[in-house]
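Below, each chain spelled out in residue letters.
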Amino acid sequence: MGATKFTEGVVPEMKRDYIHKLASKGTRIDGRHFDEIRPLKITKGFASRAEGSALVELGNTKVLVGVKVEIGTPFPDTPNSGILTTNAELVPLASPTFEPGPPGEEAIELARVVDRGIREGHAIDLEKLVIEEGEKVWIVFIDIHVLDYDGNLFDASGIGALAALTDAVVPASKHDLGDDFKLPIQHYPVPVTFAKIGNWIVADPNLDEESIASARLTVTTNENGYINAMQKGLNGTFTYDEVKKAINMSIDIGRKIRSIIMGDSDGKEN
Amino acid sequence: MGMKSDIKLIDDNGLRIDGRLPNQLRPIKMEVGVLKRADGSAYIEWGGNKIIAAVYGPREAYPKHIQDPNKAIVRARYNMASFSVDERKKPGPDRRSVELSKVISEALESVIFTERFPRTTIDVFIEVLQADAGTRVAGITVASLALADAGIPMKDLIVGCAAGKIDGVVVLDLNKEEDNYGEADVPMAIIPRTKEIALLQMDGDMSYEELITAMDMAMEAAQEIHRMQIEALKRKYTEIEEVE
């Protein structure tokens, strides 16, 4: 499994007490409200060799997501559909606890949770990516490159994946298949992650908060306020009320994040 | 989720393709203590699922550097037999089973008093012999019995149960066809006594109201499955008494 653990950083007991004390007063170690995410900055087109890319800075967490689009054979059971595949690499430069080597369970879970949001949210209209039915389709590779790990890779990566997809162009001309076209995006699923600290639920946990959290919940919602994916993690539990509260919060926070991804940072939906 | 088809999953009488009502579980059978070598074991048949679980430990964690001086490490391994599905599955862990093993380990750990066994591992092996959707929740349910059989102290017997949406209707415990052609699946693991949620995943497309209805259904069914677990445990230990 390797020693790559998100939560291995040692937070002294004092800091734990301090974070709990702050929470009981309704605030957080960096002064945020419980439902407030860190400053979010998205730079689309950062990696120009990729068909689409986005550098996401969520507080001090930095993730670069690249999208490559290539030609391949469709799966036999979906001859009328392009293919989506998602990978995540926790490269060692991002954290002293990340080690080189094949993806461990943390990286696999991260990739699968991001994939689930994009796939189940039908972000990409995969039916428009068929070149020749049953023979040739476009494959969309989403690759998540974690650069600086200061907590909440799920949201930084999920936001980066969606932003990179909206930036992506299908390189048809390179293959003599007509003009290049924008990757067909039809929905905008956005993940929002919560951590349980004591009996409090906070959105977008930073590394300090993540390392003392007992449980984690990621909820991915789309522009209609529908839920597309959830993933609970860590060995603590949530009460049913906490889960309901988190789902409700994820719809509101997701809406704000979506408007930033769409480049409409006034907070208006399009 | 979401494979397109013209298959009608709910008929004009509101019944599902296997004749169940929306809030009805598939038949479930459980048996405790089915393996000789393991410290604890159990077997479950849940609809078309056949799953066996074994527990080894607490035993000294090896290699030593993984030992936790404060508590036992709970390691569940979810594994599907190559012949458990229609199309042969390549043996060994794939990305799906790595993820499931992780979330199942975390869910089981939430009920185990791990601090009583520092420097040890508690290994839980879940082998899916025949799969029919809902293997992770059936796997948790049977793993919990195997842990009890191994005498591992726990807060409660954890229960797995899933609900979802098919043909626009919220239903309990999806079978294979419903999972393939339905619109959403919500696997959960619940601590029956406190009603805490130890595992929660979801994929598909559901409104907030639909999702709450689905979780309500799974929470309620968990109590019923919990009773079956207790029965299965009692059955084993009353049988032993009779032999003596």
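Residues numbered from 1 in each chain as written. Chains lettered and ligands numbered in written order. Predicted model: local features only at pLDDT ≥ 70, side-chain atom pairs only at ≥ 80, totals over all residues. Heavy atoms only, no water.

Describing the side chain of Asn175 of chain B
Residues and elements named next belong to chain B. Considering the arrangement of structural elements, one finds Asn175 in the loop between β7 (169–172) and α3 (176–181). Of the residues examined, Asn175 reaches a relative accessible area of 4% and is grouped as buried. In terms of polar contacts, Asn175 uses its side chain to reach the backbone amide nitrogen of Glu177, at 3.2 Å. Ignoring sequence-local partners within four residues, the contact set of Asn175 consists of Ile17, Asp18, Arg20, Arg26, Asp132 and Ala133. (Helix = DSSP H or I, 4+ residues; strand = E, 2+ residues; numbered from the N terminus. Buried < 20%, exposed > 50% of the residue type's maximum accessible area, 1.4 Å probe, protein only. Polar contact = N/O pair within 3.5 Å; in protein donor to acceptor, adjacent residues only side chain to side chain. Contact = heavy atoms within 4.5 Å.)

Focus: the sheet that holds strand β3 (residues 49–60) of chain B
Residue and element names in this part refer to chain B. In spatial order, the strands read β1-β2-β3-β5-β4; together these five strands make up an open sheet with mixed pairing. Sheet topology places β1 (28–32) and β4 (73–80) at the edges, where each strand pairs with a single neighbour. Adjacent strand axes in the sheet meet at a mean angle of 15° when their direction is disregarded. As paired elements, β1 and strand β2 (residues 40–46) share five bridges and run antiparallel to each other. Bridge pairing in β2 links Ile28 to Trp46. In the packing of helix α1 (residues 95–109) onto the sheet, contacts are made with β4 and β5 (120–130), and the angle to β4 comes to roughly 140°. Packing against the sheet, helix α2 (residues 135–149) makes contact with β1, β2, β3, β4 and β5, and its axis sits at approximately 150° to β2. (Pairing = 2+ DSSP bridges. Axes fitted to C-alpha atoms, helices over the stretch in contact; angles between N-to-C directions.)

Focus on the confidence of the model for chain A
Per-residue confidence for chain A averages 93 on the pLDDT scale, and 93% of its residues sit at or above 70. Within the model, the stretch residues 265–270 of chain A combines pLDDT values under 50 with eight contacts to residues more than four positions away or in other chains. (pLDDT = per-residue confidence, 0-100.)

Things to note about the packing of helix α2 (residues 105–120) of chain A against helix α3 (residues 153–167) of chain A
Residues and elements named next belong to chain A. Two elements in contact, α2 and α3, have axes separated by 10 Å at closest approach and are oriented at 45°. Comparing their axes, α3 and α2 come out oblique. In the crossing of α2 with α3, the sense of the turn from one axis to the other is right-handed. Residues Glu109, Leu110, Val113, Val114 and Ile118 of α2 touch α3, and the partners they reach there are Leu153, Phe154, Ser157, Gly158, Ala161, Leu162 and Leu165. The residue makeup of the contact of α2 with α3, split by class, is nine nonpolar, two polar and one charged. (Parallel < 35°, antiparallel > 145°, perpendicular 65-115°, else oblique. Left-handed = near helix turned anticlockwise from the far one by under 90°. Nonpolar A, V, L, I, M, F, W, Y, C, P; charged D, E, K, R; others polar.)

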